[in-house]
Amino acid sequence: MKYVRVYSDDNGQSHFAELEMRLAPAIHSLAMPAVEASEPRAARQFVVLRLPAGWRAEWHPAPAYQYICVLAGEVELSVGDGDSRRFSGGDIVHLRDISGQGHETRVIGEQDLLIAVVEEA
């Protein structure tokens with residue numbers, strides 16, 4: 001499963017990187033069919049946020065290493081190297097730009113953005 005990482009280089013400039021999260025067959029219970037699962041990752045906290053349509057945050061670093069899981073709506077992230085990408089329902093973004101310039105965030109369209117934020121332990 002593909003996801004995107006936002007990270008800062010040694011000069012504090014932010015960039016995108018495309019990564020792969022490996023899913024492997026797993027049996028969680030003998031009472032249900034096998035599923036695919038990633039390796040477990042420790043989490044410190046979890047929160048769901050609703051950002052209103054048109055919401056925008058100027059340049060800022062992420063407050064912590066965190067996964068953003070888009071549940072509904074569309075968001076555009078811009079990074080310091082000039083690249084911008086849009087993410088919508090089902091997309092996962094791994095924010096690791098906790099220093100330097102950070103990124104810009106803008107909710108796109110008329111729909112509010114609903115995201116699940118999982119902070120790494």
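For the structure itself, consult the block above.
Thresholds applied
Residues numbered from 1 in each chain as written. Predicted model: local features only at pLDDT ≥ 70, side-chain atom pairs only at ≥ 80, totals over all residues. Heavy atoms only, no water. 1 Å grid on protein atoms, 1.4 Å probe; cavity = no way out; pocket = protein on both sides within 12 Å on 5 of 7 lines; lining within 4 Å. Points joined across faces, edges and corners; volume = space filled by probe spheres on them. Helix = DSSP H or I, 4+ residues; strand = E, 2+ residues; numbered from the N terminus. Phe/Tyr/Trp six-rings, centres within 6.5 Å; stacked < 30°, edge-to-face > 60°. Buried < 20%, exposed > 50% of the residue type's maximum accessible area, 1.4 Å probe, protein only. Lys NZ or Arg CZ within 6 Å of the ring centre and 35° of its normal.

Draft legend 1. Seen up close, the layout of surface pockets. The computed volume of the largest pocket comes to approximately 270 Å³. If you go around the largest pocket, you meet 19 residues; those closest to its centre are Ile-68, Leu-95, His-103, Thr-105 and Ile-115. The calculated volume of the second largest pocket comes to roughly 170 Å³. Taken together, 13 residues line the second largest pocket, and the ones lying closest to its centre are Met-21, Ser-38, Arg-41, Tyr-67 and Val-118. When residues of the lining of the second largest pocket are assigned to their parent elements, the largest contribution, three residues, is made by strand 12 (residues 113-120).

Draft legend 2. Structural detail: the packing of aromatic side chains. Per the stated rule, a full pass over the model turns up two aromatic pairs. Centroid distance Tyr-3 to Tyr-67: 6.3 Å. Interplanar angle 55°. Geometry classified as tilted. One end of the pair, Tyr-3, is in strand 1 (residues 2-8); the other, Tyr-67, is in strand 7 (residues 66-72), and 64 residues separate them in sequence. When its relative accessible area of 6% is taken as the criterion, Tyr-3 is described as buried. Exposure remark for Tyr-67: the relative accessible area of 10% places this residue in the buried category. Geometry around Tyr-65 places Arg-96 over its ring, the cationic atom sitting 3.7 Å from the centre.

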